Amino acid sequence: MGLVPRLSYLTTVALLALKSTVAATASEATITLTDALNLEQIVLQKPVAMDTASWKVSLSSEWDVLGPFPIHAREQHFLSPSFPLNVSEVVDLNATYPSAYADGGSVGWSKAKSREDGTLAVSFPNIRWEALRATEGWAALQHHTVLRSTITLHPPAARKTNDTPPRLLVNLEQGSFFTVVPEGPGKPQDDAVVPEWHAGNIYAMGRSPANVVSLPVAPSTTEPTTYSIFDLTPSTALSQYMDLELVRETRLAPGQTRIVPIRFTQKQPIDIKHLEFTLTVISGNATSTVDVALPAQNRAQWNASNGAPSGIKASYLGFGAMPAAFLVTPPEHPNVGSPKPPILALHGAGVDIFEFDFWVQALPRQRHSWIVLPAGRTAWGMDWHGPSAQEAWGTVDALQRILARREQWHSWGIAPNTKVLLMGHSNGGQGAWYLAGRYPDRVVGVVPAAGYIKSQAYVPLVQSRSAHYVDPAVRAILDSSLTPDDNDLFLSNLVDTPVLAIHGGEDDNVPVWHTREAVSVLKTWNPQASVTFREDPGELHWYPSVFANEQVQNFLSSTLEESSGHAKISSSFTLTVATPSDSGSLHGWSILRLGIPGRLGRLTVEASQDAIRVRTRNVQAFSIHIGSLPDNARNVPFIFDGQQLDLDEETWNLKGFTLSLSREDGQWTPHSQGGIRALPPMGRVANILNTKGPITIVIPSKQTSRELSAASRLAHNLNVYHKLDAEIVDDQEAAAKFNDLSQTGNIILLGLGEFAKSTLRQRRTAFSVVDDVLSLRSRLINESGTAALILHPHPTHDDSLLLLMHGTDAVGLERALRLFPIRTGITVPDWVIVTREADERGTAGVEGAGVWGNDWSWNEAMSAF
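From a predicted model like this one, the values you see are computed outputs, not experimental measurements.

Draft legend 1. A look at the overall build of the protein chain. Within the protein chain one finds 15 helices and 47 strands. A buried classification covers 57% of the 865 residues belonging to the protein chain.

Right, dumping it as structure tokens:
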């Protein structure tokens with residue numbers, strides 16, 4: 001078998017794929033293979049000894065290396081993972097390929113040797129990296145490399161001819177993709193075999209399962225199989241102290257790893273080292289048990305005199321009973337009067353807050369405010385966007401519920417729906433800008449340190465191959481999927497929020513100009529904005545005093561202690577929104593719907609002694625919380641885009657009332673509270689990750705082994721990159737499942753099975769099915785190798801989503817899988833159609849793309865087809 005990894009900087013392993021952090025030094029990938037039959041790890045060194053009881057596998061230590069090639073970090077999701085190779089053809093190790101990084105403009109194959117532990121180091125000393133960086137910045141270090149080696153499987157001596165062939169467990173760290181393809185002396189790959197690309201664990205995130213890889217030429221071992229049901233039995237010794245509850249039925253597809261939520265309810269004091277219980281696993285008529293022992297740490301109750309430990313671990317069931325964990329540091333003293341807002345502290349990229357304590361130790365303990373440290377679902381998460389943002393807010397609400405459960409804790413409690421003070425460093429600093437800019441009324445202050453202003457500025461598109469080919473109009477629609485992430489566009493929302501922005505003057509990771517520019521933009525919106533910039537001369541990206549200094553502590557103390565007063569409201573302010581469903585209010589004003597989804601909406605309020613004037617741009621509906629308006633506002637008229645509206649005395653007296661207005665026939669029309677229906681999070685496919693429960697992946701009842709493999713790989717990626725749970729079902733099961741209105745989680749449909757066709761026949765979007773072929777506005781989508789990703793209304797819940805991932809054939813299905821946004825920065829709007837041309841030209845292979853209008857209508861201004 002030929003094992004194909006691929007190498008890149010923060011990207012690819014294929015033929016395997018990787019990226020190096022310093023291009024002039026080695027890139028490293030760790031590859032561990034495990035026999036899936038007996039789960040015994042295989043030692044990757046010399047040819048292994050034969051055994052009559054089990055299969056054995058060995059990975060060659062010799063690697064062929066091709067590269068480096070310029071590539072943007074997310075462009076690989078459009079390009080072929082093996083670019084510039086076609087793995088269906090014979091690999092010519094004497095061939096050269098164009099590369100803008102090499103002197104002379106081309107590169108060829110070289111050799112590398114992996115260590116005994118599976119680590120592979122690759123370097124390119126002949127590339128003039130410093131010269132490239134001098135003209136293109138550090139983003140020039142991004143590159144992609146293709147690697148090629150071989151795997152040999154040794155069958156047991158006593159193997160029977162009808163034995164089920166083994167599968168491989170592959171753990172690829174710091175690599176993007178890998179595939180296993182047939183290998184022969186000088187033979188091209190069989191045309192009938194389409195490579196199955198598996199995503200590697202590029203961020204080397206802990207607690208991640210291995211990939212389950214079926215051999216490409218073996219008889220199928222993934223025929224439809226009865227899913228397992230989990231039952232749970234607590235140990236006898238534990239049951240008298242604690243109740244255990246299996247929160248929901250959990251079923252497994254072959255080779256799948258799932259999250260099993262369990263609720264523990266303590267009934268009396270207990271001093272134990274481990275929580276021990278037994279899981280019962282049922283598959284058909286077979287039953288087995290799994291003994292589980294979770295380490296338990298006992299902590300003494302703290303008080304004002306004896307202090308409290310930092311980094312207390314807590315957990316809760318959120319997002320449809322999916323478990324999440326976080327850390328907290330209690331305040332020094334209980335509440336005096338009203339509870340003070342907590343600090344919500346966001347860690348940087350790659351920081352595992354449970355493994356290392358430097359982050360919790362870096363945050364100074366406060367007199368009356370809790371410090372809440374969310375995990376972000378994983379150490380990398382989604383840059384504190386999407387599901388990571390959901391979890392960040394969820395941890396604050398969970399802490400409030402926990403402290404409210406016992407009377408002894410009430411004096412240490414926090415208020416329901418409390419505001420927070422946001423802090424963060426690096427990617428967490430960017431996340432602090434992000435959350436504050438989207439939910440300004442939930443924030444009393446912000447301390448962003450070493451944060452980048454937006455991903456395009458931090459990782460510029462200087463090497464994008466697509467830029468040489470793609471239609472600028474199509475590129476604009478694709479790039480609209482990044483608009484919700486661009487922090488600079490939303491700084492208007494922070495002109496009245498106290499901000500202390502911090503950056504090291506010699507930061508060689510996130511250049512200091514990012515914070516300088518953010519502060520400049522904020523002050524351009526309002527020269528009197530409440531922003532202070534602290535630039536620490538000579539300091540790098542991280543330094544011990546980044547938060548441990550008098551200026552930061554004074555800012556925290558004053559902001560938290562004064563938070564109970566009325567917030568500052570400028571006489572003129574502007575609310576900016578990209579996705580209304582993922583945006584909060586500013587001084588009580590909210591944008592509910594955009595005129596043209598996919599474009600920014602802005603609402604400017606100007607208050608004077610004679611009127612409150614409101615100007616809107618690309619806004620179809622908005623609301624005002626009457627209780628948030630200043631008292632003197634009741635004496636003047638409201639003028640909305642030149643249209644005067646007077647509120648009666650009864651409306652003014654309803655302090656908890658929210659007045660909504662929508663533009664109808666060119667006029668603003670008032671609606672009663674709740675009169676305008678909220679829209680689901682639309683605008684980009686990545687919103688499928690914002691789910692209220694486990695994601696359901698639906699495959700056709702008459703599926704091929706490839707469709708089941710695709711579902712398993714997708715579920716694996718959701719687990720590794722987001723710790724999101726997924727259940728795999730077929731059409732018939734899905735039809736029964738979604739008759740149950742309690743099923744609120746998002747849905748992913750793989751292929752045009754009966755459930756997918758019945759969904760499209762409802763014609764809730766412009767897509768339909770004609771003679772079992774996908775169609776868009778009467779145009780059939782049937783070209784070979786084509787993929788389509790389509791965001792669609794959920795069949796039963798208006799605030800949830802469905803995603804159709806369709807390939808016209810096996811090649812198209814593989815392309816659809818690679819387009820799925822497992823990371824931020826992948827430019828896929830509400831729908832996209834991509835052809836084979838993308839293999840070499842990236843986004844120039846996009847046949848059509850668009851953003852839906854309100855209520856899933858066709859949006860001509862934001863569509864190309």
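Draft legend 2. Expanded view of the pattern of salt bridges. The full count for this structure, using the stated rule, is 33 salt bridges. In this structure, the salt-bridge partner of Glu535 is Arg516, at a minimum N-O distance of 2.7 Å. One end of the pair, Glu535, is in strand E27 (residues 531–536); the other, Arg516, is in helix H8 (residues 513–525), with 19 residues separating them in the sequence. Its relative accessible area of 29% is what places Glu535 among the partly exposed residues. Between Asp839 and Arg818 there is a salt bridge, and its shortest N-O distance comes to 3.9 Å.

Draft legend 3. Representation of the nonpolar core in the model. Of all hydrophobic cores here, the largest spans 149 residues; its most connected members are Trp589 and Ile697. Once residues lying within four places of it in the same chain are set aside, the contact partners of Trp589 are Phe573, Leu575, Leu603, Val605, Val614, Phe622, Ser623, Ile624, Leu629, Phe638 and Phe640.

Draft legend 4. Just helix H14 (residues 810–819), in detail. Counting buried positions along H14 yields eight of ten residues, so the element is predominantly enclosed. Along H14, the positions that sit buried rather than exposed are Gly812, Leu813, Glu814, Arg815, Ala816, Leu817, Arg818 and Leu819. One side-chain oxygen of the residue at the start of H14 lies 3.3 Å from the amide nitrogen of Val811, identifying that residue as Asp809.

Draft legend 5. Main features of the packing of aromatic side chains. Counting across every chain of the model gives 19 aromatic pairs. When the centroid spacing of 5.6 Å and the interplanar angle of 75° are considered together, the rings of Tyr101 and Trp129 count as edge-to-face. Of the two residues, Tyr101 sits in the loop between strand E6 (96–98) and strand E7 (106–113) while Trp129 sits in helix H1 (residues 129–136), which places them 28 residues apart along the sequence. On the basis of relative accessible area, Tyr101 is assigned to the buried category, the value being 6%. Taken together, Trp589, Phe622, Phe638, Phe640 and Trp668 form an aromatic cluster joined through their ring pairs. Over the ring of Phe490 we find Arg438; its NZ or CZ atom is 4.0 Å from the centre of that ring. In this structure, Arg777 is placed above the aromatic ring of Trp858, and the distance from its NZ or CZ to the ring centre is 4.2 Å.

Draft legend 6. The arrangement of the sheet that holds strand E30 (residues 601–607) in detail. With mixed pairing, the five strands of this open sheet are ordered in space as E28-E30-E31-E33-E34. Each of the sheet's edge strands pairs with one partner strand only, and the pair in question is strand E28 (572–577) and strand E34 (643–645). Within this sheet the neighbouring strands show an average axis-to-axis angle of 20°, counted without direction. As judged from the six bridges shared by E28 and E30, these two strands associate in the antiparallel manner. Pairing of Ser572 across the sheet is with Glu606, part of E30.

Draft legend 7. Region of the structure containing the environment of Gly842. On the secondary structure map, Gly842 appears in the loop between helix H15 (838–841) and strand E46 (846–850). On the basis of relative accessible area, Gly842 is assigned to the buried category, the value being 0%. The sequence separation of Gly842 and Arg465 amounts to 377 residues, and the corresponding C-alpha distance is 6.7 Å. The contact partners of Gly842, leaving out residues within four places of it in the chain, are Phe78, Leu79, Ser466 and Glu837.

Draft legend 8. Representation of a nonpolar patch on the surface within the structure. On the surface, Phe356, Phe358 and Trp542 cluster together to form a nonpolar patch covering roughly 300 Å² of accessible area. Secondary-structure assignment places Trp542 in the loop between E27 and helix H9 (550–561). Judged by relative accessible area, Trp542 falls into the partly exposed class, the value being 31%.

Draft legend 9. Region of the structure containing the sheet that holds strand E24 (residues 420–425). Sheet architecture is open: eight strands sit in the order E20-E21-E23-E22-E24-E25-E26-E27, paired in mixed fashion. The sheet terminates laterally at strand E20 (312–318) and E27, the two strands that pair on one side only. Looking at each pair of strands side by side, their axes are set apart by 20° on average, direction ignored. Relative to E24, strand E22 (residues 343–346) is paired through four bridges, and the arrangement is parallel. Bridge pairing links Ala345 to Met423 in E24.

Draft legend 10. Geometry of the side chain of Gln430. Among the structural elements, Gln430 can be located in helix H5 (residues 427–438). A distance of 3.0 Å separates a polar side-chain atom of Gln430 from the backbone oxygen of Asp383. Within the structure, Gln430 has its side chain in polar contact with the side chain of His385 (distance 2.7 Å).

Draft legend 11. Focus on helix H7 (residues 472–479). Here H7 has its buried residues at Val474, Ile477 and Leu478. Along the long axis of H7, the arc covered by the buried residues comes to 100°, so they all point the same way. Between the side-chain oxygen of the N-cap and the backbone nitrogen of Ala473 there are 2.9 Å, and the N-cap of H7 in question is Asp471.

Draft legend 12. Layout of unusual backbone geometry. Residue Pro68 follows Gly67 across a cis peptide bond; omega there is 5°. When you line up the elements, Pro68 lands in strand E5 (residues 62–69). Of the consecutive residues Phe83 and Pro84, the connecting peptide bond is found in the cis state with omega at 10°. With respect to the helices, strands and loops of the structure, Pro84 is situated in the loop between E5 and E6. Of note in this structure, Trp384 is not a glycine but carries a positive phi near 65°. Secondary-structure assignment places Trp384 in the loop between strand E23 (371–374) and helix H4 (386–404). The class of Trp384 is buried, set by a relative accessible area of 3%. With a phi angle near 55°, Asn417 is a residue other than glycine that sits in the positive phi range.

Draft legend 13. Molecular detail of the pairing of E20. Of the two faces of E20, only the one carrying Ile312, Ala314, Tyr316 and Gly318 is buried; Lys313, Ser315 and Leu317 on the other face are not. Of the strand pairs in this sheet, E20 and strand E21 (residues 322–329) are connected by seven bridges, and their pairing is antiparallel. Across the sheet, the residue bridging to Lys313 is Leu327, located in E21.

Draft legend 14. Quick look at the environment of Arg764. By the secondary structure assignment, Arg764 is in the loop between helix H13 (754–760) and strand E40 (767–770). When the C-alpha atoms of Arg764 and His792 are compared, they prove to be 7.8 Å apart, with 28 residues separating the residues in sequence. Within the structure, Arg764 has its side chain in polar contact with the backbone oxygen of His794 (distance 3.3 Å).

Draft legend 15. Spatial organisation of the side chain of Asp496. Residue placement: Asp496 occurs in the loop between H7 and strand E26 (499–504). At 2.4 Å, the side chain of Asp496 and the side chain of Ser570 are in polar contact.

Reading the values: rules and limits
- Residues numbered from 1 in each chain as written.
- Predicted model: local features only at pLDDT ≥ 70, side-chain atom pairs only at ≥ 80, totals over all residues.
- Heavy atoms only, no water.
- Helix = DSSP H or I, 4+ residues; strand = E, 2+ residues; numbered from the N terminus.
- Buried < 20%, exposed > 50% of the residue type's maximum accessible area, 1.4 Å probe, protein only.
- Salt bridge = Lys/Arg side-chain N within 4 Å of Asp/Glu carboxyl O.
- Core = buried A, V, L, I, M, F, W, Y, C linked by side-chain atoms within 4.5 Å.
- Contact = heavy atoms within 4.5 Å.
- Polar contact = N/O pair within 3.5 Å; in protein donor to acceptor, adjacent residues only side chain to side chain.
- Phe/Tyr/Trp six-rings, centres within 6.5 Å; stacked < 30°, edge-to-face > 60°.
- Lys NZ or Arg CZ within 6 Å of the ring centre and 35° of its normal.
- Pairing = 2+ DSSP bridges.
- Axes fitted to C-alpha atoms, helices over the stretch in contact; angles between N-to-C directions.
- Patch = residues over 30% accessible without salt bridge, like charges linked within 9 Å, V, L, I, M, F, W, Y side chains within 5 Å.
- Areas by Shrake-Rupley, 256 points an atom, 1.4 Å probe, with all protein chains shown as cover.
- Arc of directions from axis to C-beta.

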